[in-house]
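Descriptive analysis of the structure
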Amino acid sequence: MSAKPQDAGAPPVQLWSRDGFQGALSVVTRQTYAPDYLSVQGPHAPRRAVLERLTPDDQDDPEALPTTVATSRLGVKLHVSGRRTPMPYVVRNVEADEIHFIQSGTVKFETDVGCLTATEGDFVCIPRSIAYRYAPTGDAMRSVIVESPSVLKLAPPAPSGLLNVARDLKHAEVDATMPAGGPTRLVLKTLDPENTVFMLPHDPLALGVHLSESVPVWKLNLANIQVHAYLPEGGPPSQFLQSGTGDLLMFNLSARPGGRPPVHINADFDELICYVRGPGAWGGCTEPGTLTCVPKGVIHHGPSEDVPEGYQAWLLETRATMRWTPKALAVAELMETGQYMPHPGAGK
Ligand SMILES: [Fe+2]
């Protein structure tokens, strides 16, 4: 492993950078391949997990909430959901905005600002304190849910180019035919260990008409977010979404032309990448729904993104220091940070 060459012709540099891709940087050369490590002990280690190997609690228990796979002191969290039947209650997260990424299946969302149906590759934004429930339209679905205590907003680098908002951003629409319904449970999700549950006389998601122009619940498909490439040598991706405090950024990290990233250290951001699907492999990631995490301050290289066969992936950068939960650790493996394969010395 220590004799592993870098890409032919690539300068043997090591980049340290502040503030994700935006801040101060320092570049040095090294005689050895910096991402190599022989072993690691402790929580702040790079890991990967094929999320299909985790059975979310809500897959077999309709009452369950999605299963948390990573948490942080800043309140940024990741969950996975795998419902086979509709939620028998309505939930309102009063602590965080949520992005639901639909990994597989088709999912009908009903919210208290309207309904939308999301398909594979859609990001669905449900801001703080919007009540909702969802259900697979078939017999299965998988989603990865990102929670951000700071408000999430689309933030492409220019008004046009990365996103075609007029064409591709779809907002929830009121379904006035939804019956008023009978007694319905509303679960308020908070930071408390137990949830607060209201029993309401009617379905709170049965609405009349929309009177305001803006609708805060939307969907956007990963495939409709363009990739930003620097040719010929490559450069950082561009975010399409960020939190108000700038402590959470999201990017399309699907295949794009250009050189491989440099060996680098993020001073401030944990880097979580979800390899969604091929056809092409992204380095050591070939299985749909593979989540990789390189914590801040851990030297990494990363596979080439210039994959002619194409693949889909997204990147979450966060100032939060993420910790995998025991349920996620049970299906995770230690990762080497060159090609993002399982580490050859992998204990867990
Ligand atoms: Fe990185």
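Residues numbered from 1 in each chain as written. Predicted model: local features only at pLDDT ≥ 70, side-chain atom pairs only at ≥ 80, totals over all residues. Heavy atoms only, no water.

As recorded by an unreviewed UniProt entry, the protein carries the name Homogentisate 1,2-dioxygenase and is attributed to Paraburkholderia pallida.

Considerations on the nonpolar core
Among the nonpolar cores identified, the biggest contains 39 residues, and Leu78, Ile99, Phe123, Phe240, Met250 and Trp314 are the most heavily contacted of them. In terms of residue count, the dominant contributor to this core is strand 21 (residues 270-277) (3 residues). Summarising the domain contributions, this core has at least three residues from each of domain 1 (13-50 + 229-334) and domain 2 (56-221). Leaving out residues up to four positions away in the same chain, Leu78 has contacts with Thr67, Thr68, Val69, Ala70, Val144, Ile145, Val146, Leu272, Leu291, Leu316 and Met322. Ranked by size, the runner-up nonpolar core spans 20 residues in total, among them Phe109, Tyr132, Tyr134 and Met141. (Core = buried A, V, L, I, M, F, W, Y, C linked by side-chain atoms within 4.5 Å. Buried < 20%, exposed > 50% of the residue type's maximum accessible area, 1.4 Å probe, protein only. Helix = DSSP H or I, 4+ residues; strand = E, 2+ residues; numbered from the N terminus. Domains from an automatic or database assignment. Contact = heavy atoms within 4.5 Å.)

Concerning the domain arrangement of the protein
The domain boundaries assigned to the protein delineate domain 1 (13-50 + 229-334) and domain 2 (56-221). One C-alpha centre belongs to domain 1, the other to domain 2, and the line joining them spans 26 Å. Counting residues at the interface gives 30 residues for domain 1 and 32 residues for domain 2. Across the domain 1 to domain 2 interface the summed buried area is about 2400 Å²; carbon plus sulfur atoms make up 69%. Three residues stand out in domain 1 for area buried against domain 2, namely Phe240, Leu241 and Trp314, and they jointly supply 24% of the buried area on that side. (Buried area = accessible area lost by both parts, 1.4 Å probe.)

A short note on unusual backbone geometry
Going from Leu231 to Pro232, the amide bond is cis rather than trans, its omega being 10 degrees. With respect to the secondary-structure elements, Pro232 resides in the loop between strand 17 (218-221) and strand 18 (239-243). For Asp19, which is not glycine, the phi dihedral falls at a positive 55 degrees. For Asp19, the position within the fold is in the loop between strand 1 (13-17) and strand 2 (25-29). The class for Asp19 is partly exposed, based on a relative accessible area of 32%. Even without a glycine there, the phi angle at Tyr340 is positive, about 65 degrees. The topology assignment puts Tyr340 in the segment after strand 25 (332-334). Assessed through its relative accessible area of 1%, Tyr340 is described here as buried.

Quick word on the packing of aromatic side chains
Aromatic ring pairs are described here by two measures, namely the spacing of the ring centres and the angle between the planes. Per the counting criterion, the structure on display carries 10 aromatic pairs. Arranged with centres 5.2 Å apart and planes meeting at 45 degrees, the rings of Phe123 and Phe240 form a pair that is tilted. Of the two residues, Phe123 is situated in strand 10 (residues 122-126) and Phe240 in strand 18; the sequence distance between them amounts to 117 residues. As far as burial versus exposure is concerned, Phe123 and Phe240 are alike and both buried. Between Phe123 and Trp314 the ring centres are 6.1 Å apart and the planes differ by 70 degrees, which places this aromatic pair in the edge-to-face class. Pair noted here: Phe123 is in strand 10 and Trp314 is in strand 23 (residues 312-318), with a separation of 191 residues, a long-range link. The two residues Phe123 and Trp314 agree in class, both being buried. (Phe/Tyr/Trp six-rings, centres within 6.5 Å; stacked < 30°, edge-to-face > 60°.)

Observations concerning the coordination of the iron ion
All of the protein donors around the iron ion are His264 (NE2), Glu271 (OE), Glu271 (OE) and His300 (NE2); their distances to the metal are 2.1 to 2.4 Å. Seen from the iron ion, its 4 donor atoms lie at angles of 56 to 164 degrees, and the figure they make is irregular. All donors to the iron ion come from one chain, and their sequence spacing reads H-x6-E-x28-H. A residue pair is termed long-range when its members are at least 10 positions apart, and His264 in strand 20 (residues 263-266) and His300 in the loop between strand 22 (290-294) and strand 23 qualify at 36 residues. Across the pair, exposure class does not vary: His264 and His300 are buried alike. (Donors = N, O, S within 2.8 Å, 3.2 Å for Na, K, Ca; no water. Tetrahedral: all angles 85-135°; square planar, octahedral: opposite > 155°, others 65-115°.)

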